[in-house]
Every structure is written in structure tokens, then in C-alpha cells.
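# Structure assessment
Chain by chain, the residues run as shown.
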Amino acid sequence: MGLKEDIKKFAEDIGLDVAGFASAEPFLEEKKILEQKKEKGLLSPFEEQDIELRCYPERLLPGAKTIICFAMGYLIKPYRPEETGRRDEGDKSVLKHLHGRISRYAMVKDYHCVMIDKLKAVAEFISERKRGRFKFFVDTGALPDRAAARRAGIGWIGENTCLFTQELGSWVFLGEILTDIEFEPDKPAPDLCDHCGRCVKSCPTGALMAPFQINPQRCLSYITQMRSSIPEEFRRTMGNSIFGCDTCQEACPHNDSVRIPHHPEFVPDMPAITNLMELAAMGKGNFEKIFKPTAAGWRGRNVLRRNAICVLGNMVKGETDKEKIILLLKKLMDDPSEVIREQAEWSMARITGLI
Ligand code: SF4
Ligand code: SF4
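These numbers come from a predicted model, not from an experiment.

Moving on to the nonpolar core. Counting residues in each nonpolar core, the largest one holds 61 residues, and the members touching the most others are Phe70, Phe291, Leu304 and Leu312. Element by element, the count of residues in this core is highest for helix 6 (residues 111-127), at eight residues. Excluding its chain neighbours within four sequence positions, the residues that come into contact with Phe70 are Ala11, Leu16, Val18, Ala19, Met115, Leu119, Val122, Ile154, Phe173, Leu174, Gly175 and Ile177. Core analysis: the second largest hydrophobic core is formed by 28 residues, Ala22, Ile51, Ala71 and Ala142 among them.

What follows deals with the sheet that holds strand 4 (residues 134-137). The pairing of strands in a sheet happens through backbone hydrogen bonds and is either parallel or antiparallel. The strand order 1-2-7-4 describes an open sheet built from four strands, whose pairing is antiparallel. Of all the strands in the sheet, just strand 1 (18-23) and strand 4 have a single pairing partner and so form its edges. Pairs of neighbouring strands in the sheet enclose a mean axial angle of 20°, with direction left out of account. Alignment of strand 4 against strand 7 (residues 172-179), held across four bridges, turns out to be antiparallel. Residue Phe134 lies in a different strand from strand 7, and its bridge partner there is Thr179. Helix-sheet contacts for helix 1 (residues 3-13) involve strand 1 and strand 2 (66-73), and the interaxial angle to strand 1 is about 140°. Contacts from helix 6 reach strand 2, strand 4 and strand 7, with the element oriented near 35° to strand 7.

As a further point, take helix 16 (residues 338-351). Taking 1.5 Å per residue, 14 residues should reach 20 Å; helix 16 reaches 20 Å between its end C-alpha atoms and fits that length. For helix 16, every residue scored as buried is listed here: Ile340, Gln343, Ala344, Trp346, Ser347, Met348, Ala349, Arg350 and Ile351. N-cap assignment for helix 16: the residue whose side-chain oxygen lies 3.3 Å from the backbone N of Val339 is Ser337. Looking one or two places after helix 16, you find Gly353, whose phi comes out positive at around 80°.

Here we come to the site of ligand 2. Not every one of the 13 residues close to ligand 2 is listed here, only the nearest: Cys193, Asp194, Cys196, Cys199 and Cys252. Tallied by class, the residues present in the shell around ligand 2 amount to six nonpolar, four polar and three charged. When residues of the shell around ligand 2 are sorted by domain, at least three fall in each of domain 1 (3-76 + 110-179) and domain 2 (198-351).

Moving on, we get to the side chain of Asp335. In this fold, Asp335 is placed in the loop between helix 15 (322-332) and helix 16. Setting aside residues up to four positions removed in sequence, Asp335 forms contacts with Arg305, Ile340 and Arg341.

What follows deals with the site of ligand 1. Taken together, Cys203, Pro204, Thr205, Ala207, Leu208, Ile214, Cys219, Leu220, Cys245, Thr247 and Cys248 make up all the residues around ligand 1. Classifying every residue of the shell around ligand 1 by side-chain character gives nine nonpolar, two polar and no charged.

Turning our eyes to something else, we now look at the domain arrangement of the protein. With domains assigned, the protein is organised as domain 1 (3-76 + 110-179) and domain 2 (198-351). One C-alpha centre belongs to domain 1, the other to domain 2, and the line joining them spans 28 Å. Contact with domain 1, which involves 32 residues of that partner, is made by 35 residues of domain 2. Summed over both sides, the interface of domain 1 with domain 2 buries roughly 2,900 Å², with 66% coming from carbon and sulfur. Joining domain 1 to domain 2, the criterion identifies three salt bridges. Glu265 is the partner of Lys118 in a salt bridge, and the nearest nitrogen-oxygen pair spans 2.7 Å. Connecting domain 1 to domain 2 are nine residue pairs in polar contact (both at pLDDT 80 or more). Secondary-structure elements contributing two or more residues to the side of domain 1 that touches domain 2 are strand 2, helix 6 and strand 5 (156-157). Counted by class, the side of domain 1 that touches domain 2 contains 17 nonpolar, nine polar and six charged residues.

Moving on: the packing of helix 14 (residues 301-313) against helix 16. Look at helix 14 against helix 16: their axes get within 8 Å of each other, and the N-to-C directions meet at 10°. Our classification of the angle between helix 14 and helix 16 gives roughly parallel. Across from Asn302, Arg305, Arg306, Ile309, Cys310, Leu312 and Gly313 in helix 14, the residues of helix 16 making contact are Val339, Ile340, Gln343, Ala344, Trp346, Ser347, Arg350 and Ile351. A class-by-class count of the residues in the contact of helix 14 with helix 16 yields eight nonpolar, four polar and three charged.

This part is about the environment of Asp321. With respect to the element layout, Asp321 can be found in the loop between helix 14 and helix 15. Judged by relative accessible area, which is 17%, Asp321 ranks as buried. For the pair Asp321 and Lys77, spaced 244 residues apart in sequence, the C-alpha separation works out to 30 Å.

Time to look at the pattern of salt bridges. Applying the stated criterion across every chain, the model contains 21 salt bridges. Of the charged contacts, one joins Glu35 and Lys31 as a salt bridge, the two residues approaching to 3.3 Å between their closest N and O atoms. Of this pair, Glu35 and Lys31 are both found in helix 2 (residues 28-39), four residues apart, which corresponds to roughly one turn of the helix. Owing to a relative accessible area of 34%, Glu35 belongs among the partly exposed residues under this scheme. Salt-bridge contacts for Asp335 lead to Arg305; the nearest nitrogen and oxygen are separated by 2.7 Å. On the criterion of sequence distance, the pair formed by Asp335 in the loop between helix 15 and helix 16 and Arg305 in helix 14 is long-range, its members being 30 residues apart. Pair check on accessibility: Asp335 and Arg305 agree, each one buried. It is possible to trace a salt-bridge network through shared partners that takes in Arg101, Arg104, Asp246 and Glu250.

Cut-offs applied
Residues numbered from 1 in each chain as written. Chains lettered and ligands numbered in written order. Predicted model: local features only at pLDDT ≥ 70, side-chain atom pairs only at ≥ 80, totals over all residues. Heavy atoms only, no water. Core = buried A, V, L, I, M, F, W, Y, C linked by side-chain atoms within 4.5 Å. Buried < 20%, exposed > 50% of the residue type's maximum accessible area, 1.4 Å probe, protein only. Helix = DSSP H or I, 4+ residues; strand = E, 2+ residues; numbered from the N terminus. Contact = heavy atoms within 4.5 Å. Pairing = 2+ DSSP bridges. Axes fitted to C-alpha atoms, helices over the stretch in contact; angles between N-to-C directions. Expected span 1.5 Å × (residues − 1). Polar contact = N/O pair within 3.5 Å; in protein donor to acceptor, adjacent residues only side chain to side chain. Near = heavy atom within 4 Å. Nonpolar A, V, L, I, M, F, W, Y, C, P; charged D, E, K, R; others polar. Domains from an automatic or database assignment. Buried area = accessible area lost by both parts, 1.4 Å probe. Salt bridge = Lys/Arg side-chain N within 4 Å of Asp/Glu carboxyl O. Parallel < 35°, antiparallel > 145°, perpendicular 65-115°, else oblique.

Here you go:
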């Protein structure tokens, strides 16, 4: 086996499900798209704003020749479309049990930590065989990760802008090693998106404006992570979402029957709490213990509390727990955080039928 195959085998052995090699040539097509997005104000505040830096890997590592791309699956139980909770007021089965929904990726150990260690292990493996310089990326926004993954043959980009792999669907984390070592690039993956439009139709907020076009400011994934008050127009649409949104991924037929990867780092019983009352009143201790190790922890405790309070406001009228909720909301209306107080007031008004 050549070095490339040895690297792929090593990566697989340490839990990086898919690996591929791409040239570190500039991403000129992505540059055009990003410039148009910037002009229209459609860049997410969470992504790198310097487009040149993102699209010219040479700027990130002088002499860069190759991007080694990896995908790691994170689905922890079989995904069945019929289990999908919808996020509107009709999803009474979930709301009745006072539980909200957390995006799948945020229910397992924070992928940034998991993947960065694995990327470093791969670089060490390479260094023992060949001299080179390496730079690591896990969702920092500094490299166009999905375009790089497509170029490296890892998968294709769907109309919902997610990267899809053949075996694991779009339930994958992406990571890259940028290096000045030259490797033969792999062939780009074929485009297997059916262009069926289901993902675009499923988006509850209209964030997917058109195929491949997303307005991050309207995406619940962004909205449930912002620190200020949730804009009024999205509060009802949030339905039962506590953190993130999987709707456009759940809508895609390519995610219907995918392989479950079983990584020891991503265990099915990660105790992320979804009980809305517990979450709304969550103290620092529980936050540190339960959410800090996940990707839902990085925005802080009050973001999760605020979201849970918003979801409580979306409870259907006449629920048996209504009195308990009202008592809790009264308490929260005196919370030290202004955002929490304001959200509790809105939820109180909603649950008592004032709005
Ligand atoms: S994650 Fe949710 S809100 Fe965002 S584009 Fe997909 S369906 Fe729409
Ligand atoms: S739902 Fe249809 S259009 Fe959207 S990504 Fe999947 S196959 Fe493509």
C-alpha cells in the first residue's frame, strides 16, 4: 500500500469514517458565491468573514499543497422518518410530555474536541513517514469545508447546503488537515442529490430561500444559538426546538437508511436533558455537568434556558402541567438575566392566551 492508502486505513482505525485527498488549489467558484452572499448580508456571524483567507488555502499555510478531508458519523440510533417530531404547534405528542428537541449533533460529546485529537493523530502518523507542515480545521469556517470534502470525494452537497456521504448521509462532522505535502488528489464525488426540493419545502422559517441558498439569520440552527432575545417572528416557529434544527436533514431521502457508526466517543446515553421545566431552571452545576461537554454548551447556560422557556410558551393550551408552568414562569420573570425575564414574559402571555 502507498502512503495515501496507509493514511486512510489509519484514519479509519481511529474512527474517522471517510477520508479523501484534495488539492489545495484556490476555491474560485466558492469565492464568487461567498462574495455574493456577503453582498446580500447572508454570511453567518459564526463563519470567517475574510473570504480571501477562506478560499486561498495558501493564505492559511504558505506552500499548502493538499487538504486531507475527513468525515465522522455521529448518528447514535437508527433514524426513522416517522419518529421525526415536527416543530410546529401540531407536535403535541412531544409538547405534552414537556420535552423539547436538541439537534442530534449536540447530544453527543463536542465533536470539535473529538475530531481535533484524531486529526493530530493522523498528522503524527504522517510525520513518522514524511516530513511536512500541518494545520487542523474542525468547523472553524476558515476553509470551505464542504467544498473541500466534495473535491476530496467524500460526498456531495445537497440543496439544503449539507454535505452528504453515501453511507452516513449528512449525519457527519467534517475536519481537514492542510499540509504542504503533495499527494495525488482523489476524484471529486458525483452529485447524488435528487433535487427533489423536499429539504427546501420542509424548512419552517424559509431560511432555505432556494436550492443551495440559505439565509443563516432565519435558520433555527443560528437563532437557537444567538445570545440576545429570540426575534418575535421566530418564537412560535421554534415549536419544540431547544437547540439546533435537523428538519431539512430529516426531510432528505438520502438520510432514510444510513449506517450507524458506533463511535465510543459518541455514546447513545449522553444525558442531555430535554425536560423543559428542568432546563428553564437549570443551575450552573447541571449546565457544567450535562451541556459543557457537548456542542450545545458553547453559547452558555442562559441560551439553553431562554430557548426552553420559549418552547414552554409554545405548549398547547389546556395541558395538565399548565399550572406548574405558570408558577415557574412567574419565578423566571424575576430572573437576573434580562433576556430570560423578557422571554418568560412572552411565554406567560402566550400560555395564558394573551397573545
Ligand atoms: S436547519 Fe432548520 S431552519 Fe435551518 S435551513 Fe434547515 S430546516 Fe431551515
Ligand atoms: S431533500 Fe432532495 S433536494 Fe434536498 S438534499 Fe435531499 S435529495 Fe437533495
